[in-house]
Amino acid sequence: MHRTGPWLRAAEGAMLLGPDGVPAPTVFAEMSALAAATGAINLGQGFPDEDGPAAVLDAAVDAIRQGVNQYPPGRGTPELRAAIAEHQAHWYGLEVDPDREVLVTAGATEALAATLLAFVEPGDEVVTFEPFYDAYGALVRLAGGTHVTVPLTAPDFLPDEATLRAAFSDRTRVVLVNTPHNPTGRVLPREVLATVVELAEQYDALIVTDEVYEHLTFTTPHVPIATLPGAAERTVTISSAGKTFSTTGWKIGWLTATAPLVEAIVSVKQYLTFVNGAPFQPAVAAGLRLPDEVFHGIAQDLSSKHELLADGLRSAGFDVLRPDGGYFVLADTRPLGHEDARDFCLRLPAAAGVVGVPVSAFVRPDHAPGYRSLVRFAFCKRRDVLAEAVNRLAALAPTD
Ligand SMILES: *Cc1c(COP(=O)(O)O)cnc(C)c1O
């Protein structure tokens, strides 16, 4: 097969192609394939196996029946943009103009892609914490930027302040924050966010914040960085319906920012997907307007699922690093005698019939040592599935 044409340079340069010229398989695909081949319970990939609120699902069915099946407006349906603005005001006291300061996107992923492509030029630096959601590294490279990372290290997964300050320079164009954080589950404390805002002001950087787990916190409340003094005018706030309403396949996301920032992002977004998900947009609008108790119920349900899995992992002999929110819990394999989580994850289907993903998938290869023994397990699964996973994991417990 011919595979070294100059037309492949972009994908090669962004390190998206593997050495054999096919897309480098992600560890998620690798571990999901392993789960399918072995019949193991897949706690690797973070998608729910149960439907979210019926009101949201019914609204999408109704919209399809009512003929909401053509291209929606470029910035999203007025109804959804209004619901997003109401949501920001209701939950956080953030005032955004639904017509000029809101953009509906094909998931949080397109919001991230359009934002980075709009603002990052070759040579610009993008600061993120590490571990990081895998798309961040790929998107920074596609934009031609340089990825600078600040480690979050076990057990508390907070950044060292001096290291955070040292990551910024005159080349810093964007600081990309994710809270609640995937994969650690950490809700970044206000002091850390305040330091990020201070540094962004000092170096005139744009703040991009990925808040897709905003409603899925257990006890520590989520603080949007845009609510901090001085932040709103330089912040692009990104979220998505997928995680909150268990509709990851719908790919309805959004961003809010000042009108000029939204204009610049629209200029890119209109040539990525243009628009998406017409009948899902009114359904997500209905979801965002559900009573507060529904959101609290979703978080409580997830919190109790987290307890179930975390307790099971501890009984099986792992050190468990408890999350503040999100879909995932990290477990350290060293007490079970394993230093290398990747190797451990490859054996886990045979040893216990469960699949997880090594945290090394969320760090750059040369930074992996500090995270080598950590595995990420998803608890956004049915209770009976988690109970069965816990049963199976008990087989790992040392018998003494
Ligand atoms: C799942 C996830 C996304 C992707 O959201 P979509 O709406 O599915 O595009 C983005 N960021 C983080 C941290 C995630 O966990």
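None of these values were measured; they are calculated from a predicted model.

Conventions we followed
Residues numbered from 1 in each chain as written. Predicted model: local features only at pLDDT ≥ 70, side-chain atom pairs only at ≥ 80, totals over all residues. Heavy atoms only, no water. Near = heavy atom within 4 Å. Polar contact = N/O pair within 3.5 Å; in protein donor to acceptor, adjacent residues only side chain to side chain. Areas by Shrake-Rupley, 256 points an atom, 1.4 Å probe, with all protein chains shown as cover. Helix = DSSP H or I, 4+ residues; strand = E, 2+ residues; numbered from the N terminus. Nonpolar A, V, L, I, M, F, W, Y, C, P; charged D, E, K, R; others polar. Salt bridge = Lys/Arg side-chain N within 4 Å of Asp/Glu carboxyl O. Buried < 20%, exposed > 50% of the residue type's maximum accessible area, 1.4 Å probe, protein only. Pairing = 2+ DSSP bridges. Axes fitted to C-alpha atoms, helices over the stretch in contact; angles between N-to-C directions. Contact = heavy atoms within 4.5 Å. Expected span 1.5 Å × (residues − 1). Arc of directions from axis to C-beta. UniProt positions renumbered as here; feature names shortened; annotations may be inferred. Phe/Tyr/Trp six-rings, centres within 6.5 Å; stacked < 30°, edge-to-face > 60°. Lys NZ or Arg CZ within 6 Å of the ring centre and 35° of its normal.

1. Some details on the site of the ligand
Step number 1: Close to the ligand lie Gly107, Ala108, Thr109, Tyr133, Asn178, Asn182, Asp210, Val212, Tyr213, Ser240, Lys243 and Lys251, which account for all nearby residues.
Step number 2: Within the contact set of the ligand, an oxygen atom lies 2.6 Å away from a side-chain nitrogen or oxygen of threonine 109.
Step number 3: Note that an oxygen atom of the ligand is positioned 2.6 Å from one of the side-chain N or O atoms of serine 240.
Step number 4: Surface burial for the ligand is 93%, taken as the share of its 390 Å² of free accessible area covered by protein chains.
Step number 5: It is helix H5 (residues 107–119) that provides the largest number of residues to the shell around the ligand, a total of three residues.
Step number 6: Partitioned by chemical class, the residues of the shell around the ligand number four nonpolar, five polar and three charged.

2. Observations regarding the pattern of salt bridges
Step number 1: Across all of its chains, the model carries 24 salt bridges by this definition.
Step number 2: With a shortest N-O distance of 3.2 Å, aspartate 99 and arginine 81 are connected by a salt bridge. Of the two residues, aspartate 99 sits in the loop between helix H4 (78–92) and strand S2 (102–106) while arginine 81 sits in helix H4, which places them 18 residues apart along the sequence.
Step number 3: A relative accessible area of 51% means that aspartate 99 is categorised as exposed.

3. Brief notes about the sheet that holds strand S4 (residues 146–151)
Step number 1: Spatially, seven strands are ordered S2-S8-S7-S6-S5-S3-S4 in an open sheet, and the strand pairing comes out mixed. Where the open sheet ends on each side, the last strands, each with one partner, are S2 and S4. Between one strand axis and the next, the sheet turns through 25 degrees on average, direction left out of account.
Step number 2: With four bridges connecting them, strand S3 (residues 125–130) and strand S5 (residues 172–178) associate as parallel partners. Residue pairing for S5: valine 126 is matched across the bridge by valine 174.
Step number 3: In the packing of helix H10 (residues 259–269) onto the sheet, the strands contacted are S2, strand S6 (206–210), strand S7 (235–240) and strand S8 (252–256), and the crossing angle to S2 comes to about 25 degrees.

4. Focus: helix H3 (residues 54–65)
Step number 1: Taking 1.5 Å as the rise per residue, H3 with twelve residues should run 16 Å; its terminal C-alpha atoms sit 16 Å apart, in good agreement.
Step number 2: For H3, the complete set of buried residues consists of Val56, Ala59, Ala60 and Ala63. The buried side chains of H3 occupy one side of the element, clustering within an arc of 100 degrees when seen end-on.
Step number 3: Structurally, H3 contributes buried residues whose contacts are with helix H11 (280–288).

5. Quick look at the UniProt feature "domain: Aminotransferase class I/classII large" (unreviewed entry) in the chain
Step number 1: Here the UniProt feature "domain: Aminotransferase class I/classII large" (unreviewed entry) sits at residues 40–392.
Step number 2: Overall, residues 40–392 shows 39% helix and 17% strand. The separation of its end C-alpha atoms is 10 Å.

6. Here's the deal with the packing of aromatic side chains
Step number 1: One pass over the full model with this rule turns up 13 aromatic pairs.
Step number 2: Centre to centre, the rings of phenylalanine 318 and phenylalanine 344 are 5.8 Å apart; their planes meet at 90 degrees, and the pair counts as edge-to-face. Residue phenylalanine 318 is located in the loop between helix H12 (292–315) and strand S9 (319–321), and its partner phenylalanine 344 is located in helix H13 (residues 341–352); the two are separated by 26 residues in the primary sequence. Side by side, phenylalanine 318 and phenylalanine 344 carry an identical accessibility label, which is buried.
Step number 3: Ring centres of phenylalanine 318 and phenylalanine 377 lie 5.9 Å apart, and the angle between their planes is 75 degrees; on these two criteria the pair is classed as edge-to-face. Highlighted residues: phenylalanine 318 in the loop between H12 and S9 and phenylalanine 377 in strand S13 (residues 374–378), separated in sequence by 59 residues. Each member of the pair, phenylalanine 318 as well as phenylalanine 377, is classed as buried.
Step number 4: Of the aromatic side chains, those joined through ring pairs into one cluster are Trp91, Phe245 and Phe295.
Step number 5: When the ring centre of phenylalanine 328 is taken as origin, the NZ or CZ atom of arginine 376, which lies over that ring, is 3.5 Å away.

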